[in-house]
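Remarks on the overall topology
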Amino acid sequence: MTILIAYDGSDDSKAAIAFAGELLKGESAVVLTVWERAAVASARASVGLMMAIDQLGTEDAAIEEAMRELARHGAELARKAGLDATPRCDPDSVAVWSTIVDVADEIGARLIVTGTRGLGGVRSLLLGSTSDRVLHHAGRPVLVVPAPAADEET
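This write-up is about the structure you can find in this document. As the structure is a prediction and not an experimental result, all values here were calculated from the model.

**As for helix α4 (residues 96-107)**
Spanning 12 residues, α4 covers 17 Å between terminal C-alpha atoms, matching the ideal 16 Å at 1.5 Å per step. When we look at burial in α4, the residues that qualify are Val96, Ser98, Thr99, Ile100, Val101, Val103 and Ala104. Where α4 is buried, its residues meet β1 (2-6), β2 (28-35), β3 (84-91), β4 (111-115) and α6 (130-137). Once α4 ends, the next one or two residues include Gly108, with phi positive near 65 degrees.

This is the structure in structure tokens:
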């Protein structure tokens, strides 16, 4: 069975990897990091940071490499958790959730694993959470792992 694990570096996505490793030890997994080209461009424009076209290509390449490194980190966490994991990094097509669903379709994932909340912040509050959208659009089993419990002693 191949599982797809959505990973953005958040504590929730790390918890999802750890739980998937406990539950599905030894299974094949693709750890997917989706990067948002459109969100970066919107953020630049919203603060008045307009850049020359040649700078945009260089900046996007740097962001893509950083996201590839994040995917590699997630795959390493998954291997340590007991999964046979490989990293994958894709730019979003329309939205992060739709890219996750599309990649799951492409690789024939039997299961998608995601945390309850990622690093989406205000944008996810306005548009609905990624995990909720994946759950409702995937057409395959989705395991949504709740956020790790806060340490009650601190």
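**Some thoughts on the pairing of β2**
Counting buried positions along β2 gives 7 out of 8 residues, so the element sits mostly inside the fold. One ladder, built from 8 bridges, connects β2 with β3; its direction is parallel. Paired with Val34 across the two strands is Asp90, which belongs to β3.

**Describing the pairing of β4**
Across the 5 residues that make up β4, a large majority, 5, are buried. Side chains Leu111, Val113 and Gly115 project from β4 onto one buried face, and the interleaved Ile112 and Thr114 project onto a second face that is buried too. Where β1 meets β4, 3 bridges bridge the pair, whose relative direction is parallel. Residue pairing for β4: Ile3 is matched across the bridge by Leu111.

Conventions and cut-offs
Residues numbered from 1 in each chain as written. Predicted model: local features only at pLDDT ≥ 70, side-chain atom pairs only at ≥ 80, totals over all residues. Heavy atoms only, no water. Helix = DSSP H or I, 4+ residues; strand = E, 2+ residues; numbered from the N terminus. Expected span 1.5 Å × (residues − 1). Buried < 20%, exposed > 50% of the residue type's maximum accessible area, 1.4 Å probe, protein only. Contact = heavy atoms within 4.5 Å. Pairing = 2+ DSSP bridges.

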